[in-house]
Amino acid sequence: MSEELLSALLDGECTPAEVEEVLAAIDRSPALKARWSRMCASRDARAGVSIAKPAFDFAAGVMAALDEAPAEAVNPKVVPLRPRAVAPQPVPLPAAAVSARSLRWQRFAGLAVAASITGVVAISGRNLLDRPIASDSAATLAQVTADAGGNPDIVKVNANGEIVSTADQDAVLSAQLDDETASKLTGYIIEHINLPARAGMGGALGYTRIVAQPGSYASASGSN
Amino acid sequence: MNPDITDEELVVLAQSGDKRAFEMLVRKYQHKIVQLVSRLVGDGDAPDVAQETLIKAWRALKGFQGNSAFYTWLYRIGINTAKNHLVSRGRRPSNQDIDIADAEQFGHTEHLSDVDTPESLLLSDEIKQKVGEVIAKLPPDLRQAIVLRELEGLSYEEIAEAMDCPIGTVRSRIFRAREAIDAVVNPLMS
């Protein structure tokens, strides 16, 4: 029966169930495989195809080569497409929310730069004053009062890195320094800001100038 | 139904990873592919290139859309593989491009066989002759069935109508005719 089905398969006259039956039978029978090969060769010969007398089982060689390289059996270029897992898309934020979020990050960036400048000022001030600064004494604390001109992105911090005010708050703290120290500190900060410009750090300079506007240090007597 | 239906069924199974189905296709087309690539690379390298062609076909099978006949698709792979083989050997591929239309006609034209070895030509001619002799000696009902199928290309249903018999009888008669043919082809191929 299998051989008759094999003949029918050659003519495309098998049902899918019969095709499966033939494949199962041919898988068990090398003789049936050889019979299929001869049927095909016979048809080819009558159609004018040259038939080489097989020195070996060519088809078996091909199948053995496929078995030897199972990892390469599937071409990654032709992997069947599967529906891509759809990750939940974030709901687009309204422009105002995006802007607010952006501003929030800008505040942190400004905070980082301002903290570093304040640290430099505090250390320098300590040296200039040549006396220890009591961290709990507001009188000895150099306050960077970045004149933000109302810029809400500027956050002012003290030497301990604590946020003392934001620019949108109206209060501007005054440093309790003597005139000479306040003047030196102001000069130092200006020099510090200009240093990157001389070093050719144009981008850093611009950013530094934005987040740290010219410092204004008020002396204890009220003059800069 | 027609032989392309066979290919379609086997291709669908092979695309799902059924190597048995692919082996059926390999056995069906091995001679055509070997002959095709031998035209480009010569007989010495033809078996290797043909094997490479069929391995590539297996790897690319899932991408086969069925827009053309399976053999036409296989034919293209064979041509490309043979040309790549020539380039890798530092040889220039032949300017004689084989038109894709040849894929359907391949084997039917005399000029395509001009590089066949005398041995393969001899075997092909011998098979053709023996098969003709066997068919001529078949009982009339078997002969009519196999001729209508092989030479006229009728489907089983059309043959049944022409011979006024059930399709199952047609199938049986064609099978018996092929058994008789195989009896003479087998010694030649062994």
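Starting from 1, residues in each chain are numbered consecutively following that chain's sequence as written. Chains carry letters and ligands carry numbers; both start at the beginning, A for chains and 1 for ligands, and go up in the order they are written. Totals for whole chains, interfaces and linings use all residues, but because this is a predicted model, local features are given only for residues with pLDDT of at least 70 and pairs of side-chain atoms are given and counted only at 80 or more. Side-chain calculation: all heavy atoms of the structure are included, whereas hydrogens and water are not.

The next thing to look at is the overall build of chain B. Secondary structure elements follow DSSP: runs of H or I of four or more residues count as helices, runs of E of two or more count as strands, with numbering from the N terminus. A tally of regular secondary structure across chain B gives nine helices and zero strands. When accessible area is computed with a 1.4 Å probe and restricted to protein chains, residues below 20% of their type maximum are described as buried, those above 50% as exposed, and intermediate ones as partly exposed. Residues counted as buried form 48% of the 190 residues belonging to chain B. Surface exposure here means Shrake-Rupley accessible area, sampled with a 1.4 Å probe, where a residue is shielded only by the protein chains that are shown. Per element, the accessible surface of chain B, about 9100 Å² overall, is 49% carbon and sulfur.

Looking only at helices and strands, one finds seven helices and two strands in chain A. Starting at the N terminus and walking to the C terminus, you meet the elements of chain A as α-α-α-α-α-β-β-α-α. Residues counted as buried form 38% of the 224 residues belonging to chain A. By sequence separation, contacts in chain A at least 24 residues apart represent 56% of the contacts at least 6 residues apart. Of the roughly 12500 Å² of accessible surface on chain A, 59% is carried by carbon and sulfur atoms. Residue contacts are counted whenever heavy atoms from the two residues lie within 4.5 Å of one another.

Okay, the interface of chain B and chain A next. Facing 62 residues of chain B, the contacting portion of chain A comprises 59 residues. Here the quantity called buried area is the accessible surface, traced with a 1.4 Å probe, that two parts lose on coming together, added over both. Between chain B and chain A, the buried area comes to about 5700 Å², and carbon and sulfur atoms account for 59% of it. By definition here, a salt bridge exists when the distance from a side-chain nitrogen of Lys or Arg to a carboxyl oxygen of Asp or Glu is within 4 Å. Linking chain B to chain A there are eleven salt bridges. Across the salt bridge formed by Lys-33 of chain A and Glu-23 of chain B, the nearest N and O atoms sit 3.4 Å from each other. What qualifies as a polar contact is a pair of N or O atoms within 3.5 Å, subject to a donor-acceptor requirement within protein and to the restriction that residues adjacent in sequence count only when both atoms come from side chains. Inspection of the chain B/chain A interface yields 22 residue pairs in polar contact (both at pLDDT 80 or more). Mapped onto the side of chain B that touches chain A, the elements with two or more residues apiece are α1 (3–15), α2 (19–41), α3 (46–60), α6 (118–137), α7 (140–150) and α9 (167–189) of chain B. At 14 residues, the largest contribution of residues to the side of chain B that touches chain A is made by α2 of chain B. Its residues placed into classes, the side of chain B that touches chain A shows 27 nonpolar, 17 polar and 18 charged. When residue character is reported, Ala, Val, Leu, Ile, Met, Phe, Trp, Tyr, Cys and Pro are called nonpolar, Asp, Glu, Lys and Arg charged, and the others, Gly included, polar.

As a further point, take the packing of aromatic side chains. Residues and elements named next belong to chain B. Aromatic rings from Phe, Tyr and Trp, taking only the six-membered ring of Trp, are treated as a pair when their centres fall within 6.5 Å; an angle between ring planes under 30 degrees marks them as stacked, one over 60 as edge-to-face, and anything in between as tilted. Inspection of every chain in the model, using the stated rule, returns seven aromatic pairs over all chains. Ring centres of Phe-22 and Trp-58 lie 5.1 Å apart, and the angle between their planes is 55°; this geometry places the pair in the tilted category. Within this pair, whereas Phe-22 is found in helix α2, its partner Trp-58 is found in helix α3, the two being separated by 36 residues in sequence. We classify Phe-22 as buried; its relative accessible area is 1%. Ring geometry for Phe-70 against Trp-73: centres 5.8 Å apart, planes inclined by 40°, an arrangement best described as tilted. Taken together, the positions of Phe-70 and Trp-73, both in helix α4 (residues 70–88) and three residues apart, correspond to about one turn of that helix.

Residue and element names in this part refer to chain A. Evaluated as defined, the whole model comprises 20 salt bridges over all chains. Residue Arg-35 is joined to Glu-3 by a salt bridge in which the shortest nitrogen-to-oxygen separation is 2.7 Å. With Arg-35 in helix α3 (residues 30–46) and Glu-3 in helix α1 (residues 2–10), the pair connects residues that are 32 residues apart, well separated along the chain. Classification of Arg-35 by relative accessible area gives buried; the value is 6%. Residue classification places Glu-3 among the partly exposed positions, given a relative accessible area of 30%.

Before going further, it helps to examine the nonpolar core. All names here are of chain B. Counting 80 residues, the largest nonpolar core has Phe-22, Met-24, Leu-61, Phe-70 and Ile-127 as the members making the most contacts within it. Here this core takes eleven residues from α2, the largest share from any one element. Beyond its immediate stretch of four places on either side in the chain, Leu-61 contacts Val-11, Ala-14, Gln-15, Phe-22, Phe-70 and Trp-73. Nonpolar cores were defined as sets of buried Ala, Val, Leu, Ile, Met, Phe, Trp, Tyr and Cys residues, with membership established by side-chain atoms within 4.5 Å.

Here we take up α3 of chain A. Each full turn of the α-helix corresponds to 3.6 residues, which orients residues three or four apart in the same direction. Residue and element names in this part refer to chain A. With 17 residues, α3 extends 24 Å from end C-alpha to end C-alpha; this agrees with the ideal 24 Å at 1.5 Å per step. Among the 17 residues in α3, twelve count as buried, and that is most of the element. Turning to α3, its buried residues are Leu-32, Arg-35, Trp-36, Ser-37, Arg-38, Met-39, Cys-40, Ala-41, Ser-42, Arg-43, Asp-44 and Ala-45. Taken from the residues just after α3, Gly-48 is the one with a positive phi, measuring 100°. Under the convention used throughout, the expected extent of a helix is 1.5 Å for every residue step, that is, one less than its residue count.

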